[in-house]
Amino acid sequence: AQTVTQSQPEMSVQEAETVTLSCTYDTSESDYYLFWYKQPPSRQMILVIRQEAYKQQNATENRFSVNFQKAAKSFSLKISDSQLGDAAMYFCAYLWETSGSRLTFGEGTQLTVNP
Amino acid sequence: EAEVAQSPRYKITEKSQAVAFWCDPISGHATLYWYRQILGQGPELLVQFQDESVVDDSQLPKDRFSAERLKGVDSTLKIQPAELGDSAMYLCASSLPGVVDTQYFGPGTRLTVL
């Protein structure tokens, strides 16, 4: 079974600094997708960034980028120039296309941004 | 910007009572998902619809949970009877029909069972 592990229950960063959130996953598949979702307090979960496993190039969305290491089954999220609005719970998620659209989520990392 | 709507936002009930949650997906999204998120954990898929058909309910406790999407638009998730362990956030999400299309989440319904 596919599993996703986020080993950092909590992280904190100073405003304008850079922080990296870790995620590892376990799968025997070669074609899959990885996602980072952000869940602000009392607000809906939104997609931050996605990565297709067949792409070697790391995905980037403005201040958000990933470090995808397929062989190591590692998928970390880097947030540059952190802003107060980045404070949220961040979830790493995995999707194996052949299994349909089922997202498997990690347990989340609570990010605090200090002014 | 179109959003997934859910109601109620909060629900408190006593065990053995019946509860129902409603979800209205983004217009045009054929795929609808119900997830359960226990406090401190990531969401777990309960059921997935493609239009009005269930395509995945392998994690749905069918002895007490039911879900329907009669006209392929909005959906209702029901629990009867509710148990203490059902206290959680129930999230609805929707997407276009492609398997890897982005899932858009609603604000959720926070259920507390006393």
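Refer to the structure presented above.
Note that the structure is predicted; figures quoted are calculated from it, not measured. (Residues numbered from 1 in each chain as written. Chains lettered and ligands numbered in written order. Predicted model: local features only at pLDDT ≥ 70, side-chain atom pairs only at ≥ 80, totals over all residues. Heavy atoms only, no water.)

Asker: Explain the pattern of salt bridges to me, please; I cannot follow it from the model alone.
Answerer: Pairing is possible between side chains that carry opposite charge, provided their charged atoms lie close to one another. Counted according to the given criterion, the structure contains eight salt bridges over all chains. Among the ionic pairs, A:Glu52 bridges to A:Lys55, the shortest N-O distance being 3.9 Å. Classification of A:Glu52 by relative accessible area gives buried; the value is 13%. Note on A:Lys55: relative accessible area 39%, which makes it partly exposed. The partner of B:Asp57 in a salt bridge is B:Lys62, with the nearest N and O atoms 3.7 Å apart. Three or more residues are tied together by salt bridges with common partners; here these are A:Arg50, A:Glu52 and A:Lys55. (Salt bridge = Lys/Arg side-chain N within 4 Å of Asp/Glu carboxyl O. Buried < 20%, exposed > 50% of the residue type's maximum accessible area, 1.4 Å probe, protein only.)

Asker: Is there a simple way to explain unusual backbone geometry in this structure?
Answerer: Among all residues except glycine, the phi angle is most often negative; among peptide bonds, the trans geometry is most common. The amide bond that connects B:Ser7 to the next residue, B:Pro8, takes the cis arrangement and shows omega of -10°. Residue position: B:Pro8 is located in the loop between strand 1 (5-7) and strand 2 (10-13). The residue after B:Gln80, namely B:Pro81, is reached through a cis peptide bond having omega -5°. When you line up the elements, B:Pro81 lands in the loop between strand 8 (75-79) and strand 9 (88-95). Positioned with a positive phi, A:Asp81 is a non-glycine residue whose angle comes to about 50°. The phi dihedral of B:Asp51 falls on the positive side, at around 55°, and the residue is not glycine. Relative to the elements of secondary structure, B:Asp51 occurs in the loop between strand 5 (44-50) and strand 6 (53-56). (Helix = DSSP H or I, 4+ residues; strand = E, 2+ residues; numbered from the N terminus.)

Asker: Explain the environment of A:Lys73 here, please?
Answerer: Residues and elements named next belong to chain A. Tracing the chain through its elements places Lys-73 in the loop between strand 8 (64-69) and strand 9 (74-79). Remark: the alpha-carbon pair of Lys-73 and Thr-27, spanning 46 residues in sequence, is separated by 8.1 Å. In this structure, Lys-73 is in contact with Cys-23, Thr-24, Tyr-25, Asp-26 and Thr-27, ignoring residues within four places of it in sequence. Of note is the side chain of Lys-73, whose polar atom sits 2.6 Å from the backbone oxygen of Thr-27. (Contact = heavy atoms within 4.5 Å. Polar contact = N/O pair within 3.5 Å; in protein donor to acceptor, adjacent residues only side chain to side chain.)

Asker: Before we go on, may I ask you to explain the nonpolar core in this structure?
Answerer: One recurring pattern in soluble globular proteins: nonpolar side chains tend to sit buried together. Counting 25 residues, the largest nonpolar core has A:Tyr25, A:Trp36, A:Phe75, A:Leu77 and A:Tyr90 as the members making the most contacts within it. Broken down by element, the residue count for this core peaks at four residues, all from strand 10 (residues 88-95) of chain A. Ignoring sequence-local partners within four residues, the contact set of A:Phe75 consists of A:Leu21, A:Ser22, A:Cys23, A:Tyr25, A:Leu34, A:Phe35, A:Trp36, A:Gln51, A:Val66, A:Asn67, A:Phe68 and A:Cys92. With 20 residues, the next largest nonpolar core counts B:Ile26, B:Leu32, B:Leu60 and B:Tyr90 among its residues. (Core = buried A, V, L, I, M, F, W, Y, C linked by side-chain atoms within 4.5 Å.)

Asker: What is the right way to read the interface of chain B and chain A from this model?
Answerer: Put simply, an interface is often sized by how much accessible area is lost when its parts join up. Counting residues at the interface gives 23 residues for chain B, matched by 18 residues for chain A. Here chain B and chain A share an interface that buries about 1800 Å² over both sides, 51% of which is from carbon and sulfur atoms. One can count one salt bridge joining chain B with chain A. Of the charged contacts in the structure, one is a salt bridge between B:Asp56 and A:Arg102, with a shortest N-O distance of 2.7 Å. Where chain B touches chain A, the interface holds four residue pairs in polar contact (both at pLDDT 80 or more). Of all the elements in the fold, those that place two or more residues in the side of chain B that touches chain A are strand 4 (31-37) and strand 5 of chain B. It is strand 4 of chain B that contributes the most residues to the side of chain B that touches chain A, three residues altogether. Broken down by class, the residue content of the side of chain B that touches chain A amounts to nine nonpolar, eleven polar and three charged. (Buried area = accessible area lost by both parts, 1.4 Å probe. Nonpolar A, V, L, I, M, F, W, Y, C, P; charged D, E, K, R; others polar.)

Asker: Explain the state of the cysteines here, please?
Answerer: All names here are of chain B. Taken as a whole and assessed by the stated rule, the structure comprises two disulfides over all chains. With its sulfur 1.9 Å from that of its partner, Cys-23 forms a disulfide with Cys-92. Its S-S torsion of approximately -70° makes the covalent link between Cys-23 and Cys-92 left-handed. Within this pair, whereas Cys-23 is found in strand 3 (residues 19-24), its partner Cys-92 is found in strand 9, the two being separated by 69 residues in sequence. (Disulfide = S-S within 2.5 Å.)

Asker: What should I look at first to understand the packing of aromatic side chains in this one?
Answerer: Between two aromatic rings, the relevant description is the distance of the centres plus the angle of the planes. Residues and elements named next belong to chain A. A full pass over the atoms with the stated rule returns 15 aromatic pairs over all chains. Summarising the aromatic geometry, the rings of Trp-36 and Phe-75 are spaced 6.2 Å apart at their centres and angled 20° between planes, so their arrangement reads as stacked. In this pair, Trp-36 sits in strand 5 (residues 33-39) while Phe-75 sits in strand 9, placing the two residues 39 residues apart along the sequence. (Phe/Tyr/Trp six-rings, centres within 6.5 Å; stacked < 30°, edge-to-face > 60°.)

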